[in-house]
Amino acid sequence: VLFASGADAAEPVLEAEAPAADDGPEEVLAVEAEEDALSGLALRKYVKQRLPGGFAAQRITATGRRKMASARVVLQEGTGKVFINFRDAKEYLQANPMWVEYCKIPLVTLGFENNYDVFVKVQGGGLSGQAQAICLGVARALLKISPANRVPLRSEGLLTRDTRVVERKKAGLRKARKRPQFSKR
């Protein structure tokens, strides 16, 4: 009987459990399936522990807004995954390549697309506004990592909050500016 070091020191490891050098293709596929098993409840738990209020080491938080959307972004050292409201970004943003790209533009600008995982809680507005809010949140989080990131992010216009919002409806008008049809007589 061998003893593992570190966090598993309390649990004995039998020599028979040690991985064999000549694993068959079935065993390799089983191991790969376990690694990609971040789905359902496991995915929710994985994401939740890295969101605001959960435990995670060296997490950087920031907020981004666009139109009526507000995104709380957490950057965690990882492999470049993006999770939005406990779902994969591609699934949440309906596989729209432009919206998915918005979420990654700040990371790509600095060359960090494979260095950080992005965890987002976003609410309000539509998917386009939410994607742009996430972009601003990620850019602000990258700015917290290093002030040297300001120059490339600013040159791409990623640190500017787009203040355009829907204009309110006025009394006597059909919409913000549309008027009822004028009748001379």
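Residues numbered from 1 in each chain as written. Predicted model: local features only at pLDDT ≥ 70, side-chain atom pairs only at ≥ 80, totals over all residues. Heavy atoms only, no water.

*Asks:* Even after reading the chapter, I still don't get the overall build of the protein chain, so can you show me in this structure?
*Replies:* Within the protein chain, the regular secondary structure consists of six helices and seven strands. Reading the helices (α) and strands (β) of the protein chain from amino to carboxyl end gives β-β-α-α-β-β-β-β-α-α-β-α-α. Within the protein chain, the fraction of its 185 residues that count as buried is 30%. Here the analysis covers contacts within the protein chain between residues at least 6 apart in sequence; of these, 62% occur between residues at least 24 apart. A total of about 12500 Å² of accessible surface is found on the protein chain, and carbon and sulfur atoms cover 53% of it. (Helix = DSSP H or I, 4+ residues; strand = E, 2+ residues; numbered from the N terminus. Buried < 20%, exposed > 50% of the residue type's maximum accessible area, 1.4 Å probe, protein only. Contact = heavy atoms within 4.5 Å. Areas by Shrake-Rupley, 256 points an atom, 1.4 Å probe, with all protein chains shown as cover.)

*Asks:* What is the right way to look at the environment of Val122 in this model?
*Replies:* Secondary-structure assignment places Val122 in strand E7 (residues 116-123). On the basis of relative accessible area, Val122 is assigned to the buried category, the value being 6%. Distance from Val122 to Ser70, taken between C-alpha atoms, is 5.6 Å for residues 52 residues apart in sequence. Sequence-distant contacts of Val122, that is, excluding residues within four places in its chain, are made with Ser70, Ala71, Ile84, Asn85, Tyr92 and Gln130.

*Asks:* Would you take a moment to explain the side chain of Gln130 for this structure?
*Replies:* Structurally, the position occupied by Gln130 is in helix H5 (residues 127-145). For Gln130, a relative accessible area of 5% gives the class buried. Polar contacts involving the side chain of Gln130 include one to the main-chain carbonyl oxygen of Gly124, which spans 3.0 Å. (Polar contact = N/O pair within 3.5 Å; in protein donor to acceptor, adjacent residues only side chain to side chain.)

*Asks:* Whenever I open this one, the sheet that holds strand E6 (residues 87-88) confuses me. Can you help?
*Replies:* Paired through their backbone hydrogen bonds, the strands of a sheet run either parallel or antiparallel. The five strands lie next to each other as E3-E4-E7-E5-E6, forming an open sheet whose pairing is mixed. Only two strands of the sheet have a single neighbouring strand rather than two, namely strand E3 (60-66) and E6. The strands touched by H5 within the sheet are E3, strand E4 (69-77), strand E5 (82-84) and E7, with E3 carrying the most contacts at an inclination of about 145 degrees. (Pairing = 2+ DSSP bridges. Axes fitted to C-alpha atoms, helices over the stretch in contact; angles between N-to-C directions.)

*Asks:* Any chance you could explain the pattern of salt bridges here in plain terms?
*Replies:* Side-chain pairs of opposite charge can arise whenever the charged atoms involved come near each other. Scanning the entire structure with this criterion turns up five salt bridges. Across the pair Asp162 and Arg66 runs a salt bridge, and its minimum N-O distance is 3.4 Å. Taken together, the residues span a long stretch of sequence, with Asp162 in the segment after helix H6 (150-155) and Arg66 in strand E3 at a distance of 96 residues. For Glu91, the salt bridge goes to Arg87, with nearest N and O atoms at 3.3 Å. Classification of Arg87 as partly exposed rests on a relative accessible area of 35%. (Salt bridge = Lys/Arg side-chain N within 4 Å of Asp/Glu carboxyl O.)

*Asks:* I'm lost on the environment of Leu142 in this one. Help?
*Replies:* Mapped onto the elements of the fold, Leu142 is located in helix H5. Of the residues examined, Leu142 reaches a relative accessible area of 0% and is grouped as buried. Leu142 sits 81 residues away from Thr61 along the chain, and the two C-alpha atoms are 9.3 Å apart. Discounting chain neighbours no more than four positions away, the residues touching Leu142 are Leu75, Pro106, Leu107, Leu110, Phe112, Asn149 and Leu153.

*Asks:* Honestly, the packing of helix H4 (residues 97-110) against H5 in this entry has me stumped. Any pointers?
*Replies:* In a packed pair of helices, the relevant descriptors are the angle between the two axes and the axis-to-axis distance. Between H4 and H5, the shortest axis-to-axis distance is 7 Å and the interhelical angle comes to 15 degrees. In terms of their interaxial angle, H4 and H5 are classed as roughly parallel. For the pair H4 and H5, the sense of crossing is right-handed. Packed against H4, whose contacting residues are Trp99, Tyr102, Cys103, Pro106, Leu107 and Leu110, the element H5 presents Leu127, Ser128, Ala131, Gln132, Ile134, Cys135, Val138, Ala139 and Leu142 at the interface. (Parallel < 35°, antiparallel > 145°, perpendicular 65-115°, else oblique. Left-handed = near helix turned anticlockwise from the far one by under 90°.)

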